[in-house]
Amino acid sequence: MKRILITGANGQIGSELRETLAAQYGSDQVISIDLNKPAGYDAKKLGVLESVDVTDRQAIEKIIDQYQVGTVFHLVGILSGKGELNPDLAWNVNVSSLKYVLDFAKEKSLRVFWPSSIAVFGPTSPKEQTPQITTLEPTSIYGVTKVAGELLCNYYFNKYRVDVRSLRFPGLISYKTPPGGGTTDYAVEIFYEALKRQAYTSFLKRDTVLPMMYMPDAIRAILELMASPSDDLTIRTSYNLTAISFSVAELATEIQKHIPAFQLSTDPDHRQKIADSWPRSIDDSIARRDWGWRHAFDLSAMTREMLKNLQAQ
Ligand code: SER
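Residues numbered from 1 in each chain as written. Predicted model: local features only at pLDDT ≥ 70, side-chain atom pairs only at ≥ 80, totals over all residues. Heavy atoms only, no water.

Participant: So what's going on with the site of the ligand? Which residues, and what values?
Facilitator: For the ligand, the full set of nearby residues is Leu79, Ser80, Ser117, Tyr142, Gly182, Thr183, Thr184 and Trp278. In this structure, an oxygen atom belonging to the ligand sits 2.7 Å away from a main-chain N or O atom of Thr183. Between the ligand and the protein, one listed contact pairs a nitrogen atom with a side-chain N or O atom of Thr184 at 2.8 Å. The fraction of the free accessible surface of the ligand (240 Å²) that becomes covered by protein chains is 94%. Its residues placed into classes, the shell around the ligand shows three nonpolar, five polar and no charged. (Near = heavy atom within 4 Å. Polar contact = N/O pair within 3.5 Å; in protein donor to acceptor, adjacent residues only side chain to side chain. Areas by Shrake-Rupley, 256 points an atom, 1.4 Å probe, with all protein chains shown as cover. Nonpolar A, V, L, I, M, F, W, Y, C, P; charged D, E, K, R; others polar.)

Encoded structure:
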């Protein structure tokens, strides 16, 4: 079997996906790249981790050739909050590196998974049950890079038959990595602070509603999409995908069921504007039809699992 390459492997999705893939295929089949190697990284369990800058085209090619890579999970990305602070970096990391990977995919017949986001939508898209095909006029640079990336994926599929597959993730909630600069990351930070201080000051307003998903659902979605027969897939930009939508206040109320003393306050920052431009709920019926997507975790199950796992940590 040709090996699997994961870029952005230390990130929120990467650190969980590599664990799953290494357990499934063997750690010798999984190659990770990221800027740094975390202290205590267990290569025996998780596979080789190489320090590579994804904006270095030659360095990526070297890894693909050296390890005989057949599938790339190109997860590296600068998220929405951080992207606004450095738009050039967001473009180079999110778009230029994707173009390199798609070019290698064309030349070397690689399969590719690439995560897009609900950030492709903007103020002119419908807010409720946002459809798969609608106006895409994002106002964040992160959203701009994701629209550009989706169009590149679709182009490489149509023109060169590159088997690239993608999901528009909602906010992802997980406990294995610290929150990393996203607008939806309030829904991760809140759990850390609820356990540490029984209080949290949100950078989004109480009534802000966003689509969200617990990480085990997201990992399963990636694996199910990648396992689907190519002919079943009707979307080669990126599939709408969702699980649950809730407001900041609703999440706080759910946490209070476990930690009654928990107090929510708010102090909105520049990310409020980004959140206000995104959908409140998503219509993912095409993913449900094409490859059988079903989410498993609702708000109460996700909250219970987050608190239990973070407490154990
Ligand atoms: N979770 C991402 C962010 O908030 C959206 O894809 O930036």
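Next comes the rest of the write-up.
Participant: Requested: an account of the packing of helix 5 (residues 87–108) against helix 6 (residues 141–160), with residues and values cited.
Facilitator: Between two packed helices, both the angle of their axes relative to each other and the distance between the axes serve to describe the pair. Following both chains from N to C, one finds helix 5 and helix 6 inclined at 10 degrees, their axes separated by 9 Å at the closest point. As judged from the angle between their axes, helix 5 and helix 6 are roughly parallel. Contacts from Pro87, Ala90, Trp91, Asn94, Val95, Leu98, Lys99, Leu102, Asp103 and Lys106 of helix 5 reach helix 6 at Ile141, Tyr142, Val144, Thr145, Ala148, Gly149, Leu152, Cys153, Tyr156 and Tyr160. Counted by class, the contact of helix 5 with helix 6 contains 14 nonpolar, three polar and three charged residues. (Axes fitted to C-alpha atoms, helices over the stretch in contact; angles between N-to-C directions. Helix = DSSP H or I, 4+ residues; strand = E, 2+ residues; numbered from the N terminus. Parallel < 35°, antiparallel > 145°, perpendicular 65-115°, else oblique. Contact = heavy atoms within 4.5 Å.)

Participant: How would you sum up the environment of Ala23? Please name residues and give values.
Facilitator: Structurally, Ala23 is set in helix 1 (residues 14–25). Under the relative-accessibility criterion, Ala23 is labelled exposed at 68%. Each C-alpha atom of the pair Ala23 and Phe73 lies 16 Å from the other, and the pair is 50 residues apart in sequence. (Buried < 20%, exposed > 50% of the residue type's maximum accessible area, 1.4 Å probe, protein only.)

Participant: Mind laying out helix 9 (residues 248–256), listing which residues take part and the relevant values?
Facilitator: Within the span of helix 9, buried status applies to Val248, Leu251, Ala252, Glu254 and Ile255. For helix 9, the angular spread of the buried residues around the axis is 160 degrees, confining them to a single face. Elements that come into contact with the buried residues of helix 9 comprise helix 7 (186–197), strand 8 (199–202), strand 11 (244–247), strand 12 (263–266) and helix 12 (299–312). (Arc of directions from axis to C-beta.)

Participant: Describe helix 7, listing the residues and the values that go with them.
Facilitator: The periodicity of an α-helix, 3.6 residues per turn, causes residues three or four positions apart to be oriented the same way. The terminal C-alpha atoms of helix 7 lie 15 Å apart, and with twelve residues this matches the ideal 16 Å at 1.5 Å per residue to within 8%. Positioned one or two residues after helix 7, Gln198 has a phi angle of 55 degrees, which is positive. (Expected span 1.5 Å × (residues − 1).)

Participant: So what about the side chain of Ser247? Which residues, and what values?
Facilitator: As for its position among the elements, Ser247 is in strand 11. Excluding anything up to four places from it in sequence, Ser247 contacts Tyr186, Arg206, Asp207, Thr208 and Val209.

Participant: Lay out the sheet that holds strand 1 (residues 3–7) in plain terms, naming residues and giving numbers.
Facilitator: The seven strands lie next to each other as 3-2-1-4-5-6-10, forming an open sheet whose pairing is parallel. The open sheet is flanked by strand 3 (48–51) and strand 10 (239–240), the only strands paired with a single partner. Summarising the sheet, strand 1 and strand 4 (residues 69–74) pair through five bridges and their orientation is parallel. Residue pairing across strands places Ile4 opposite Thr71, the latter belonging to strand 4. Seen against the sheet, helix 8 (residues 215–227) touches strand 4, strand 5 (111–117), strand 6 (164–169) and strand 10 and runs at an angle of roughly 155 degrees to strand 6. (Pairing = 2+ DSSP bridges.)

Participant: Run through the pattern of salt bridges, naming residues and quoting values.
Facilitator: One pass over the full model with this rule turns up 19 salt bridges. Here Glu19 ties to Lys176 by a salt bridge, and the two come within 3.6 Å at their closest N and O atoms. Placement of Glu19 in helix 1 and of Lys176 in the loop between strand 7 (171–173) and helix 7 is noted, with a sequence separation of 157 residues between them. Judged by relative accessible area, Glu19 falls into the partly exposed class, the value being 28%. By relative accessible area, Lys176 is classed as partly exposed at 39%. Its salt-bridge partner being Asp65, residue Lys108 comes within 3.0 Å of it at the nearest N-O pair. One end of the pair, Lys108, is in helix 5; the other, Asp65, is in helix 3 (residues 57–66), with 43 residues separating them in the sequence. What makes Asp65 partly exposed here is its relative accessible area of 40%. Each member of the salt-bridge network shares a partner with another, and the members are Arg111, Asp163, Arg165 and Arg236. (Salt bridge = Lys/Arg side-chain N within 4 Å of Asp/Glu carboxyl O.)

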